[in-house]
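# Examination of the molecular architecture
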Amino acid sequence: TAVQNIPSEQTTWSVFTASFQLGFEHILEGWDHLLFVFALFVLVRDPWRLVGAVTAFTLAHSITLALATLGFLNVPGPPVEAVIALSIVFLAMEIVKGEDCRFRLSKQKPWIVCFGFGLLHGLGFAGALAEIGLPSNDIPAALLAFNLGVEVGQLSFIGVLALLGATLRFIAAPVSHRATVIAAYGIGSVSMYWLIERTSSF
């Protein structure tokens, strides 16, 4: 993530806009977070459930991000990054399971799963913010703007994915279950590589 310092003498509005841009750019440059959102997009086919899940994800990471930034929560970075990779592995496994008849929380109530994983991802965001620093007189505005930027970035990414999916369905046959499984194995392979790499760095 690009380092962007926010001067302490800025107005609240300038802090808000700078932090919003920082959050938007951070989510689009965070490949692990984007892969999590992509896996969620493949898993959850209902648009409203998907938006609800992403919003729950943002709400959860807003909580842990605020707690970590304000000093109430301190978790070492390497284990957090490893668990983030593990969360993507979990979604990939859920995709591979396909359309069986069993109740699966990840598909029927994805916002619950995303809220839980969002708490972990928020600690990852906190690590990035710790390197940048926040203006001491406008921390609430900076945190709010950063989280809004992340949410808009996530929804923008989902919008692009939806547009690409609609285009592919228009010019070609609908995406088959086989293609979905191949995508899931691709997601799982990348996230497993990250998991092994991050675990070995402990």
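Here's what I pulled together on the structure shown here.

Thresholds applied
Residues numbered from 1 in each chain as written. Predicted model: local features only at pLDDT ≥ 70, side-chain atom pairs only at ≥ 80, totals over all residues. Heavy atoms only, no water. Axes fitted to C-alpha atoms, helices over the stretch in contact; angles between N-to-C directions. Helix = DSSP H or I, 4+ residues; strand = E, 2+ residues; numbered from the N terminus. Parallel < 35°, antiparallel > 145°, perpendicular 65-115°, else oblique. Left-handed = near helix turned anticlockwise from the far one by under 90°. Contact = heavy atoms within 4.5 Å. Phe/Tyr/Trp six-rings, centres within 6.5 Å; stacked < 30°, edge-to-face > 60°. Salt bridge = Lys/Arg side-chain N within 4 Å of Asp/Glu carboxyl O. Buried < 20%, exposed > 50% of the residue type's maximum accessible area, 1.4 Å probe, protein only.

### Here we look at the packing of helix α2 (residues 31-43) against helix α8 (residues 177-200)
Two measures define how a pair of helices packs: the angle their axes make with one another and the distance between the axes. Running from N to C, α2 and α8 cross one another at 150 degrees; their axes reach a closest spacing of 11 Å. By the criterion of interaxial angle, the relationship of α2 to α8 is roughly antiparallel. Classified by chirality, the crossing of α8 by α2 is left-handed. Facing W31, D32, L35, F38, A39 and V42 of α2, the residues of α8 in contact are T180, I187, V190, S191, W194 and R198.

### A look at the packing of aromatic side chains
The final tally for this structure, using the stated rule, is 5 aromatic pairs. Seen from their ring centres, W13 and F16 are 5.9 Å apart, and the 10 degrees between their planes marks the pair as stacked. Of this pair, W13 and F16 both sit in helix α1 (residues 12-29), separated by 3 residues, roughly a single helical turn. An angle of 75 degrees between the planes, with centres 6.2 Å apart, marks the rings of F125 and F146 as edge-to-face.

### Re the pattern of salt bridges
Under the definition given, this model contains 3 salt bridges. A salt bridge links R198 to E81, with the shortest nitrogen-to-oxygen separation between them at 3.5 Å. Remark: E81 occurs in helix α4 (residues 77-97) and R198 occurs in helix α8; sequence separation between them is 117 residues. Across the pair E94 and K97 runs a salt bridge whose closest N-O atoms are separated by 2.9 Å. Here E94 pairs with K97, and both are found in helix α4, just 3 residues apart, close to one helical turn. On the accessibility criterion, E94 (5% relative accessible area) is buried. Within this structure, D32, E81 and R198 form a network of salt bridges that share partners.

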